[in-house]
Amino acid sequence: HSFPTRRSSDLRMAYWLAAHGVPHPRTRVFYDREEARELLGSVDLPIVIKTDNGASSKGVFVLRDRREALRLADRAFRRGIALKGWERSDRQRGYLIVQDLVPHDVEWRIVRVEDDYVCRLKRRRGDFASGAGLLEWARPPEAMLDFVKATTDAGGFRNMAVDLLESADREGRPTYVVLEMQCLVG
């Protein structure tokens, strides 16, 4: 298998979230083209394919068409996937990150700086909340702040942005799903 040699933010984050039991969209990483094609040939759509790097959803592809998903997988293992609007020569090649799509209308970004928290609510436009430009300051539920504190404490992260979605379990209690964690916020 060939492994990524560049900075691996989304890839490392997916492994870290899984290792620490943090709820996140089911994420599968493929280092073999045929294994990726096998999954994409049978998985329920829509599905998300992500590049390892990117911002404002520039490396996120929501795929509703199986042929398009298979073409993108082939490209990942051949010439590579370029991020939308980025330098075409800077491509992710040799592996594929596939993630379940979690339906949502809003995405929360909570930024922890030591023991202080700031929150922005990102509203969805089209397929994406991240990068849609529909931002507002918000007051998150107390349980969400507790969840972010516990998640960042698990890694010893005192300065971190956490993007997450809110849903409810079968009993109607709030649950949270982490989409992304980043220490560089722009």
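Residues numbered from 1 in each chain as written. Predicted model: local features only at pLDDT ≥ 70, side-chain atom pairs only at ≥ 80, totals over all residues. Heavy atoms only, no water.

Colleague: Just to check I follow, could you spell out the sheet that holds strand 6 (residues 96-100) for this structure?
Modeller: Remark on secondary structure: sheet strands pair via backbone hydrogen bonds, oriented parallel or antiparallel. The four strands are arranged 1-6-2-3 in an open sheet whose pairing can be described as antiparallel. Looking at the sheet topology across the chains shown, the edges are occupied by strand 1 (27-30) and strand 3 (60-63). Each neighbouring strand pair of the sheet contributes to a mean axis angle of 25 degrees, computed without reference to strand direction. Sitting on the sheet, helix 1 (residues 9-19) touches strand 1, strand 2 (47-50) and strand 6, and the angle it makes with strand 1 is about 125 degrees. Packing against the sheet, helix 3 (residues 66-77) makes contact with strand 1, strand 2, strand 3 and strand 6, and its axis sits at approximately 145 degrees to strand 3. (Pairing = 2+ DSSP bridges. Helix = DSSP H or I, 4+ residues; strand = E, 2+ residues; numbered from the N terminus. Axes fitted to C-alpha atoms, helices over the stretch in contact; angles between N-to-C directions. Contact = heavy atoms within 4.5 Å.)

Colleague: It is not clear to me how the packing of helix 2 (residues 33-40) against helix 3 should be interpreted in this structure. Could you clarify?
Modeller: Taken N-terminus to C-terminus, the directions of helix 2 and helix 3 make an angle of 170 degrees; their axes are 10 Å apart at the nearest point. As judged from the angle between their axes, helix 2 and helix 3 are roughly antiparallel. Crossing angle aside, the handedness with which helix 2 passes helix 3 is right-handed. Mapping the contact onto sequence places Arg 33, Ala 36, Arg 37 and Leu 40 in helix 2 and Arg 66, Ala 69, Leu 70, Ala 73, Asp 74 and Phe 77 in helix 3. Here the contact of helix 2 with helix 3 is composed, by residue class, of six nonpolar, no polar and four charged. (Parallel < 35°, antiparallel > 145°, perpendicular 65-115°, else oblique. Left-handed = near helix turned anticlockwise from the far one by under 90°. Nonpolar A, V, L, I, M, F, W, Y, C, P; charged D, E, K, R; others polar.)

Colleague: Looking at this model, I keep getting lost on the pattern of salt bridges. Mind explaining?
Modeller: Two side chains that carry opposite charge are able to pair once their charged atoms sit near each other. A full pass over the atoms with the stated rule returns 15 salt bridges. Salt-bridge contacts for Arg 112 lead to Asp 115; the nearest nitrogen and oxygen are separated by 3.5 Å. Overall, Asp 115 belongs to the exposed group, its relative accessible area being 53%. As a salt-bridge pair, Lys 149 and Asp 153 come within 2.6 Å of each other at their nearest N and O atoms. Note that Lys 149 and Asp 153 are positioned in helix 4 (residues 142-155) at a spacing of four residues, about one turn of the helix. Classification of Asp 153 by relative accessible area gives partly exposed; the value is 36%. By sharing partners, the salt bridges in this structure join Arg 112, Glu 114, Asp 115, Lys 149, Asp 153 and Arg 158 into a single network. (Salt bridge = Lys/Arg side-chain N within 4 Å of Asp/Glu carboxyl O. Buried < 20%, exposed > 50% of the residue type's maximum accessible area, 1.4 Å probe, protein only.)

Colleague: Quick question: what am I supposed to make of the packing of aromatic side chains here?
Modeller: The geometry of two aromatic rings is summed up by the distance between their centres and the angle between their planes. Applying the stated criterion to the full structure yields three aromatic pairs. With a centroid separation of 5.3 Å and an interplanar angle of 50 degrees, the aromatic rings of Trp 16 and Phe 157 are classed as tilted. Separated by 141 residues along the polypeptide, Trp 16 in helix 1 and Phe 157 in the loop between helix 4 and strand 10 (159-168) bring together distant segments of the chain. Judged by centre distance (6.2 Å) and plane angle (35 degrees), the rings of Tyr 31 and Tyr 95 are tilted. One end of the pair, Tyr 31, is in the loop between strand 1 and helix 2; the other, Tyr 95, is in the loop between strand 5 (91-92) and strand 6, and 64 residues separate them in sequence. The two residues Tyr 31 and Tyr 95 agree in class, both being buried. Lying over the aromatic face of Trp 137, Arg 120 brings its terminal NZ or CZ to 4.3 Å of the ring centre. (Phe/Tyr/Trp six-rings, centres within 6.5 Å; stacked < 30°, edge-to-face > 60°. Lys NZ or Arg CZ within 6 Å of the ring centre and 35° of its normal.)

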